[in-house]
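As a plain string of letters, each chain reads:
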Number of protein chains: 2
Amino acid sequence: MGIVTFVGGKEGAWRVTGITPIAGSGLGPVDRIQAIDSDGPALRSGSPASGGTWRLRGLASNHRYATRAELTALDAVQPVLGRPEATCASLIPIRKSDAWWRLAQDERRAVFGMASPAGTGHNDIGLDYLPGVARRLLHCRDLGEAFDFLTWFEFAPDQTAAFTALLARLRATPEWSYVEREVEIRLER
Amino acid sequence: MGIVTFVGGKEGAWRVTGITPIAGSGLGPVDRIQAIDSDGPALRSGSPASGGTWRLRGLASNHRYATRAELTALDAVQPVLGRPEATCASLIPIRKSDAWWRLAQDERRAVFGMASPAGTGHNDIGLDYLPGVARRLLHCRDLGEAFDFLTWFEFAPDQTAAFTALLARLRATPEWSYVEREVEIRLER
């Protein structure tokens, strides 16, 4: 099923450089994060972790909003994870409000933002930072986890300012008014 | 999280009157089915079952396709589960193909069928059988189950022919070409 578990603790290839609560309660301090993919060997990690201070689980699921045109545009420029130069990463767990989940599909899609020349939608903003920032979205709401989504980003050090700008633009969208818990974890390897 | 477990075995308020494999492999014969709701007491069951021949789990999640207009139309006529006269039920587990899950949101929605005067979409067909047939959709793809969806229907005996017609119409839609496993379980209490 492609479940990825992020174990925050003392082990793992990714060293934590900051954990910032953006909305709601944060996560306890940890030194390192290990990502374990149920479909394959541990991602960039030395050994499987059995402990850890906290664990976040998410799974790769089907696309929920993207149209074929949007997926085609994304696929044309989207980089893979694990590029040698991408030594910076960020893990951002998010929970949206009940009000979001009560919306109908067309209402959520409208808040998400349609592709527009103004470039103000979620996908438009993301496209502006490709191929510099690689991204992987995992779903966890239906797993009964504390968060609804985990997003993992990887980028080269010279893309750090661009990544920070990407986050600021996303957080300024109407969609973010539905985000009730968000933690920003920055990492290096 | 609202996980519902259907335990097929010798216990439960619902007596099995038929288990028919519609596509792909079927399910083993059982006498009764017990529905256990993690959020509340066992649904119409005497005691919690610990055994059973098979178990199917699903969860109530957010709507994935319905627009606000469609939800409003549904809510206006949709009956609740547990009506005293609804002594017939059906549990239909379904798995869709990888081809379905690789479609973009707009492509899946198009196959699902938009509301139309011709009344040929999934929602249009369902509306034709309301309020006679009560329905509850549970999701299980992201739980790692053998099926993607479990649909539970309840109706009075005099709605049996209408329910059979509903299934025939749904199975004749383009959407059903993506169904690779389907089992029809009929029940009475």
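The present account deals with the structure reproduced in this document. (Residues numbered from 1 in each chain as written. Chains lettered and ligands numbered in written order. Predicted model: local features only at pLDDT ≥ 70, side-chain atom pairs only at ≥ 80, totals over all residues. Heavy atoms only, no water.)

Some remarks on the pairing of strand S7 (residues 149-155) of chain A
All names here are of chain A. Heads up, the condition is: Here's how the labels work: a residue is buried when its accessible area is under 20% of the maximum for its type, exposed when over 50%, partly exposed in between, all with a 1.4 Å probe on protein chains only. Strands are runs of DSSP state E lasting at least 2 residues, helices are runs of H or I lasting at least 4, and numbering of each runs from the N terminus. We call two strands paired when DSSP finds no fewer than two bridges between them.
Counting buried residues along S7, seven of its seven residues qualify, which places the element largely inside the surrounding structure. With burial as the criterion, each face of S7 is covered, one bearing Phe149, Thr151, Phe153 and Phe155 and the other bearing Leu150, Trp152 and Glu154. Across seven bridges, the pairing between strand S5 (residues 88-96) and S7 is antiparallel. Across the sheet, the residue bridging to cysteine 88 is phenylalanine 155, located in S7. As judged from the six bridges shared by strand S6 (residues 134-139) and S7, these two strands associate in the antiparallel manner. Note that in S7 the partner of arginine 136 across the bridge is tryptophan 152.

Regarding the relation of the copies chain A and chain B
The cut-off we apply is this: Superposition of the copies was done by least squares, using only C-alpha atoms of residues whose pLDDT is at least 70 in both. Pairs of residues are marked as contacts when any of their non-hydrogen atoms sit within 4.5 Å.
Overlaying chain A on chain B yields an RMSD of 0.0 Å, the required transformation being a rotation through 180 degrees with an accompanying axial translation of 0.0 Å. Taken together, the rotation and translation relating the two chain copies correspond to the operation of a two-fold axis. A shared interface surface links the copies, since 100% of the contact residues of chain A are contact residues in chain B too.

Things to note about the packing of aromatic side chains
Note the threshold: Only centres within 6.5 Å qualify two rings of Phe, Tyr or Trp (six-membered ring in Trp) as a pair; their planes then separate them into stacked at under 30 degrees, edge-to-face at over 60, and tilted for everything else. In this analysis the charged atom, NZ for Lys or CZ for Arg, is taken to sit over a ring once it is within 6 Å of the ring centre and within 35 degrees of the ring normal.
Taken as a whole, this structure holds 18 aromatic pairs over all chains when the rule is applied. An angle of 25 degrees between the planes, with centres 5.4 Å apart, marks the rings of phenylalanine 6 of chain A and tryptophan 152 of chain A as stacked. Of this pair, phenylalanine 6 of chain A sits in strand S1 (residues 3-9) while tryptophan 152 of chain A is found in strand S7, placing the two residues 146 residues apart along the sequence. Measuring from centroid to centroid gives 6.5 Å for tryptophan 100 of chain B and tryptophan 101 of chain B, while their planes differ by 85 degrees, and the two rings are edge-to-face. The class for tryptophan 100 of chain B is buried, based on a relative accessible area of 0%. The class of tryptophan 101 of chain B is buried, set by a relative accessible area of 11%. The ring of tryptophan 100 of chain A carries the charged tip of lysine 96 of chain A above its face, separated from the ring centre by 3.8 Å.

Some remarks on the interface of chain A and chain B
For the record, the criterion: Accessible area, probed at 1.4 Å, shrinks when two parts are joined; the buried area is that loss added up over both. For this analysis, a salt bridge means a side-chain nitrogen from Lys or Arg found within 4 Å of a carboxyl oxygen belonging to Asp or Glu. Here a polar contact is taken to be a pair of N or O atoms separated by no more than 3.5 Å, where protein atoms must pair a possible hydrogen donor with a possible acceptor and residues adjacent in sequence count only if both atoms sit in side chains. Amino acids outside the nonpolar list (Ala, Val, Leu, Ile, Met, Phe, Trp, Tyr, Cys, Pro) and the charged list (Asp, Glu, Lys, Arg) are all regarded as polar, and Gly is one of them.
Chain A puts 23 residues into the contact, and the matching count from chain B is 23 residues. Across the chain A/chain B interface, buried area totals approximately 1,900 Å², and carbon plus sulfur atoms make up 46% of it. Counting the surface chain A buries against chain B, the share from its top three residues, Asn62, Arg68 and Asp142 of chain A, is 31%. Scanning the region where chain A abuts chain B turns up four salt bridges. The closest approach of N and O atoms between arginine 64 of chain A and aspartate 142 of chain B, which form a salt bridge, is 2.9 Å. Across the contact surface, chain A and chain B share 14 residue pairs in polar contact (both at pLDDT 80 or more). Of all the secondary structure elements, the ones that give two or more residues to the side of chain A that touches chain B are helix H1 (68-77), helix H2 (98-102) and helix H3 (105-112) of chain A. With four residues, the top contributor of residues to the side of chain A that touches chain B is H3 of chain A. Looking at the side of chain A that touches chain B residue by residue, the class counts come to nine nonpolar, six polar and eight charged.

Some details on the pairing of strand S8 (residues 179-188) of chain A
Residues and elements named next belong to chain A. Along S8, eight of the ten residues are buried, which leaves the element largely enclosed by surrounding structure. Across seven bridges, strand S2 (residues 14-23) lies against S8 in antiparallel orientation. Among the inter-strand pairings, proline 21 is bridged to a residue of S8, identified as valine 183. Of the pairings in the sheet, the one linking S5 to S8 comprises seven bridges and is antiparallel in character. Bridging from a neighbouring strand, lysine 96 pairs with valine 179 of S8.

Some points on the pattern of salt bridges
Residues and elements named next belong to chain A. Going through the model one piece at a time under the given rule, you end up with 26 salt bridges over all chains. For the salt bridge of lysine 10 with aspartate 31, the shortest nitrogen-to-oxygen distance reads 3.6 Å. Taken together, the positions of lysine 10 in the loop between S1 and S2 and aspartate 31 in the loop between S2 and strand S3 (32-37) put the pair 21 residues apart, joining distant regions of the chain. Judged by relative accessible area, lysine 10 falls into the exposed class, the value being 69%. A salt bridge links glutamate 182 to arginine 171; the nearest nitrogen and oxygen atoms lie 2.9 Å apart. Taken together, the residues span a long stretch of sequence, with glutamate 182 in strand S8 and arginine 171 in helix H5 (residues 160-171) at a distance of eleven residues. Overall, glutamate 182 belongs to the buried group, its relative accessible area being 2%. Among the charged side chains, a network of salt bridges with common partners joins Arg171, Glu182, Glu184 and Arg186.

Interpretation in functional terms is not warranted from these geometric data alone.
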